[in-house]
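Observations on the model geometry
So you can see what is in the structure, the chains are spelled out below.
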2 protein chains.
Amino acid sequence: MKKPLILVTNDDGITAPGLRALISAMKEIGEVIVVAPDSPQSGMGHAITIDDTLYSKRVIIDKTEDAPTEFSCSGTPADCVKLALQEILHKRPDICVSGINHGSNSSINVIYSGTMSAAIEAGIEGIPAIGFSLCDYSWEAEFSHSLKSVKKIVSQALLHGIPNGTVLNVNIPKTTTEPEGIKVCRQARANWKEKFDKRTSPTGKDYYWLTGEFELLDKGEDTDEWALANGFVSVVPTQFDLTAHHIIQQVNNWSLNE
Amino acid sequence: MKKPLILVTNDDGITAPGLRALISAMKEIGEVIVVAPDSPQSGMGHAITIDDTLYSKRVIIDKTEDAPTEFSCSGTPADCVKLALQEILHKRPDICVSGINHGSNSSINVIYSGTMSAAIEAGIEGIPAIGFSLCDYSWEAEFSHSLKSVKKIVSQALLHGIPNGTVLNVNIPKTTTEPEGIKVCRQARANWKEKFDKRTSPTGKDYYWLTGEFELLDKGEDTDEWALANGFVSVVPTQFDLTAHHIIQQVNNWSLNE
């Protein structure tokens, strides 16, 4: 059987330990090509570079014998995927994987996630795609317990295909042993309770740091937050048709054309 | 009846003609407060400012007697909404409106849209929210034919409320007269066929400009693209629960735990 071609990207930047862990796992499954941001892009949501130039260059980071071909890119995660598909790869990848992110992208975090924006961008282009995140923000996070689940999910996605219009959002709990298992979930309802830390600069200007606390608003046991809190890897099928189809009729009853 | 408090923002920046047009329309409906980016933020998706400082200051742009209170902010559209709700407003707004964007945010463009990210951010915080976009990228776009529809939609939203978990994505066709009417729609399936314009800098470095062509993949007559092509204003109820609920069972049939 021919080895699958796997496009690997992330939002923490091409030198991030989480990306290196994902590459090491993907090398066991297929032929790997890496196109990733040259600097951290966390919280970039689905940003793209419109009115600015994009740079990309071949880089060598992995010095092992089976090192993948790697390119760094000055843009966002979504830019990396666009550039990879149009300019760098000479055939369509069989799958695109993004991550492993240093920090959770479960629940409402999916909206702000550069990791998931790369996966969604690939999904829009019709390529099976998965975003992986470990619930540990530390640069020294331990990825070894994640890799078995990562490989299992990628293998199953390659075997079954991912339904059109859908990408997978995978989050992995921070554990000191293997996770309890893998659960397919829905996105939990939650938001961030922002707190701005207001300070004054040496020249007397007020400025803010954005901080906040995650607020879970959902007690469901079928959610990603429940799975993670109970030691399971969460898999949320995620779509980019944002239409609230069930609300169309209700808004149709408004007097919009009178 | 007490005048509603209306938070106005956008992604083209606080001096954009589309924002000024939206402010003028909102002043007829309620008390207006503006918190908008100090520079253009198009294509920022749902980016937020995590590892950087945020500046905000009171500005006076509108010199009329009923000028609104206005603040510019150094961050993204989502930052503006977070900052407005936590630090600038001293009560919850009755509605948040974003735009009027110079350029379409219909169909798949919603994913990349800073305009819609501001509306979605407000929606996550439980505030009724609407993003408005005119299908004309020009800075000299003519907004006068949009304002009747904008006021109608905002008034109806204030009257009926917008269902929890949903915000409205409104796009307005580029017309020389009033639009044909207002249609509630679903998001059309489409993507961008990217083309990178590869150039070489004076110092010999290769770089790219991202360009592309919009590719409509949907012939439905219930879509936003159909409405716009036929001269109607499109209203798509848009949700931030991205779960593809109908796919959960299918992925549950994979062998993830064997």
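Keep in mind that this is a model prediction, so the values were computed, not measured. Each chain has its residues counted from 1, running along the sequence as written. Going through the entries in the order they are written, you letter the chains from A and number the ligands from 1. Totals for whole chains, interfaces and linings use all residues, but because this is a predicted model, local features are given only for residues with pLDDT of at least 70 and pairs of side-chain atoms are given and counted only at 80 or more. Side-chain metrics rest on all non-hydrogen atoms present in the structure, leaving aside hydrogens and water.

Regarding the interface of chain B and chain A
Reports often express the size of an interface as the amount of accessible area lost when the parts come together. Contacts are assigned to residue pairs with any non-hydrogen atoms lying within 4.5 Å of each other. With 79 residues of chain B at the interface, the matching set in chain A holds 79 residues. Reported buried area values correspond to the accessible surface (1.4 Å probe) lost by two parts on association, with both partners' losses combined. Roughly 7000 Å² of surface becomes buried between chain B and chain A when both sides are summed, with 65% attributable to carbon and sulfur atoms. When the buried surface of chain B facing chain A is broken down by residue, Tyr208(B), Leu242(B) and Trp254(B) rank first, second and third, together holding 11% of it. When a carboxyl oxygen of Asp or Glu lies within 4 Å of a side-chain nitrogen of Lys or Arg, that pair is called a salt bridge. The tally of links from chain B across to chain A stands at two salt bridges. A salt bridge links Glu194(B) to Lys82(A), with the shortest nitrogen-to-oxygen separation between them at 2.2 Å. Counting of polar contacts relies on pairs of N or O atoms within 3.5 Å, with two restrictions inside protein: one atom must be capable of donating a hydrogen and the other of accepting it, and residues adjacent in sequence are counted only when both atoms are side-chain atoms. Run the count over chain B and chain A and you get 25 residue pairs in polar contact (both at pLDDT 80 or more). Numbering of helices and strands runs from the N terminus; a helix is a DSSP stretch of H or I covering at least four residues, while a strand is a stretch of E covering at least two. The leading source of residues in the side of chain B that touches chain A is strand 9 (residues 190-200) of chain B, at six residues. Gly is placed with the polar residues, together with every amino acid not listed as nonpolar (Ala, Val, Leu, Ile, Met, Phe, Trp, Tyr, Cys and Pro) or charged (Asp, Glu, Lys and Arg). Per-class residue counts for the side of chain B that touches chain A are 39 nonpolar, 25 polar and 15 charged.

Regarding the sheet that holds strand 11 (residues 233-239) of chain B
Residues and elements named next belong to chain B. The nine strands lie next to each other as 3-4-2-1-5-6-7-11-8, forming an open sheet whose pairing is mixed. The outermost strands of the open sheet, each flanked by one partner alone, are strand 3 (56-59) and strand 8 (182-184). Taken over all neighbouring pairs, the strand axes of this sheet differ in orientation by 25° on average, direction set aside. The pairing criterion for strands is at least two bridges between them, as found by DSSP. In this sheet, strand 6 (residues 129-134) lies alongside strand 5 (residues 95-102) in parallel orientation, the contact comprising five bridges. Each axis is a line fitted through C-alpha atoms, and for a helix only the stretch in contact is used; angles between axes span 0 to 180 degrees, taken between their N-to-C directions.

Description of the nonpolar core
Nonpolar cores are built from buried Ala, Val, Leu, Ile, Met, Phe, Trp, Tyr and Cys residues. Side-chain atoms within 4.5 Å join them into one set. For every residue, the accessible area obtained with a 1.4 Å probe (protein chains only) is divided by the maximum for its type, and the residue is called buried under 20%, exposed over 50%, and partly exposed between those limits. Residues Leu7(A), Ile111(A), Leu7(B) and Ile111(B) are the most contacted members of the largest nonpolar core, which totals 72 residues. In this structure Ile111(B) touches His46(A), Ile120(A), Ile124(A), Phe240(A) and Gly45(B), once residues within four positions along its chain are discounted.

Let's talk about the sheet that holds strand 11 (residues 233-239) of chain A
Sheet strands associate in pairs through backbone hydrogen bonding, adopting either a parallel or an antiparallel arrangement. Residue and element names in this part refer to chain A. What the nine strands build is an open sheet, ordered 3-4-2-1-5-6-7-11-8; its pairing is mixed. Both edges of this open sheet fall to strand 3 (56-59) and strand 8 (182-184), since each of them pairs with a single strand only. Recorded for the sheet is a direction-independent mean angle of 25° between the axes of neighbouring strands. Here strand 7 (residues 166-172) pairs with strand 11 via six bridges, running antiparallel.

So, the environment of Ala129(B)
Residues and elements named next belong to chain B. Take Ala129: it is sitting in strand 6. A relative accessible area of 0% places Ala129 in the buried class. For the pair Ala129 and Ala118, spaced 11 residues apart in the sequence, the C-alpha separation amounts to 8.6 Å. When neighbours within four sequence positions are excluded, Ala129 is seen to be in contact with Ile95, Cys96, Ala119, Ala122, Gly123, Ile162, Val167 and Leu168.

Structural notes on the packing of aromatic side chains
Note on ring pairs: Phe, Tyr and Trp rings are taken, using the six-membered ring of Trp, and paired if centres are within 6.5 Å. Classes follow the plane angle, with under 30 degrees stacked, over 60 edge-to-face and the rest tilted. Overall, the coordinates contain eight aromatic pairs over all chains when judged by the stated rule. Ring plane angle 70° and centroid distance 5.6 Å describe the contact between Trp192(A) and Phe214(A), whose orientation is recorded as edge-to-face. You can see Trp192(A) sitting in strand 9 (residues 190-200) and its partner Phe214(A) sitting in strand 10 (residues 206-216), a full 22 residues away along the chain. Classification of Trp192(A) by relative accessible area gives partly exposed; the value is 24%. Residue Phe214(A) is classed as partly exposed on the basis of its relative accessible area, which comes to 30%. Relative to Tyr208(A), the ring of Phe196(A) has its centre 5.8 Å away and its plane inclined at 80°; by these criteria the two rings are edge-to-face. Residue Phe196(A) is found in strand 9, and its partner Tyr208(A) is found in strand 10; the two are separated by 12 residues along the sequence. The exposure classification of Phe196(A) matches that of Tyr208(A), with both residues buried. Every member of this aromatic cluster is reached through a ring pair, and the members are Tyr55(A), Tyr207(B) and Trp209(B). Here, a charge over a ring is recorded when the distance from Lys NZ or Arg CZ to the ring centre is within 6 Å and its angle to the ring normal is within 35 degrees. The ring of Phe232(A) carries the charged tip of Lys183(A) above its face, separated from the ring centre by 4.6 Å.

Re the packing of helix 1 (residues 17-27) of chain B against helix 4 (residues 147-160) of chain B
Residues and elements named next belong to chain B. Viewed as axis vectors pointing N to C, helix 1 and helix 4 meet at an angle of 55°, and their least axial separation amounts to 10 Å. With respect to each other, helix 1 and helix 4 are oriented oblique. Taken as a pair, helix 1 and helix 4 cross one another with a handedness that is right-handed. Facing Ala21, Leu22, Ser24, Ala25 and Met26 of helix 1, the residues of helix 4 in contact are Leu147, Val150, Lys151 and Val154. Residues of the contact of helix 1 with helix 4, tallied by class, amount to seven nonpolar, one polar and one charged. Small angles under 35 degrees read as roughly parallel and large ones over 145 as roughly antiparallel, with 65 to 115 read as roughly perpendicular and the rest as oblique. Note on convention: the crossing is left-handed when the near helix lies turned anticlockwise from the far helix by less than a right angle, right-handed when the turn is clockwise.

Points about the UniProt feature "domain: Survival protein SurE-like phosphatase/nucleotidase" (unreviewed entry) in chain A
Here the UniProt-annotated "domain: Survival protein SurE-like phosphatase/nucleotidase" (unreviewed entry) positions come out as residues 6-194 of chain A. Counting secondary structure, residues 6-194 of chain A comes out at 25% helix and 26% strand; the distance between its end C-alpha atoms is 38 Å. UniProt positions are given in the numbering used here, feature names are shortened, and annotations may be inferred rather than shown by experiment.

A look at the UniProt feature "binding site: a divalent metal cation" (unreviewed entry) in chain A
Residues and elements named next belong to chain A. Sequence positions flagged by UniProt for "binding site: a divalent metal cation" (unreviewed entry) are, in local numbering, Asp11, Asp12, Ser42 and Asn101. Across 91 residues in sequence, these annotated residues keep their C-alpha atoms within 9.0 Å of one another, forming a single compact spot. By the secondary structure assignment, Asp11 is in the loop between strand 1 (5-9) and helix 1 (17-27). Asp11 gets classed as buried once you look at its relative accessible area, which sits at 2%. Aside from chain neighbours lying at most four places away, what touches Asp11 is Pro37, Ser39, Pro40, Gln41, Ser42, Gly43, Pro77, Asn101, Gly114 and Thr115. Within polar-contact distance, the side chain of Asp11 engages the side chain of Thr115 at 3.1 Å. With respect to the element layout, Asn101 can be found in strand 5 (residues 95-102). Note on Asn101: relative accessible area 6%, which makes it buried.

With respect to the side chain of Ser106(B)
All names here are of chain B. Here Ser106 shows up in the loop between strand 5 and helix 3 (114-124). For Ser106, a relative accessible area of 1% translates into the label buried. Those residues within four positions of Ser106 in sequence are excluded, and the remaining contacts are Asn169, Asn171, Asp224, Glu225 and Leu228.

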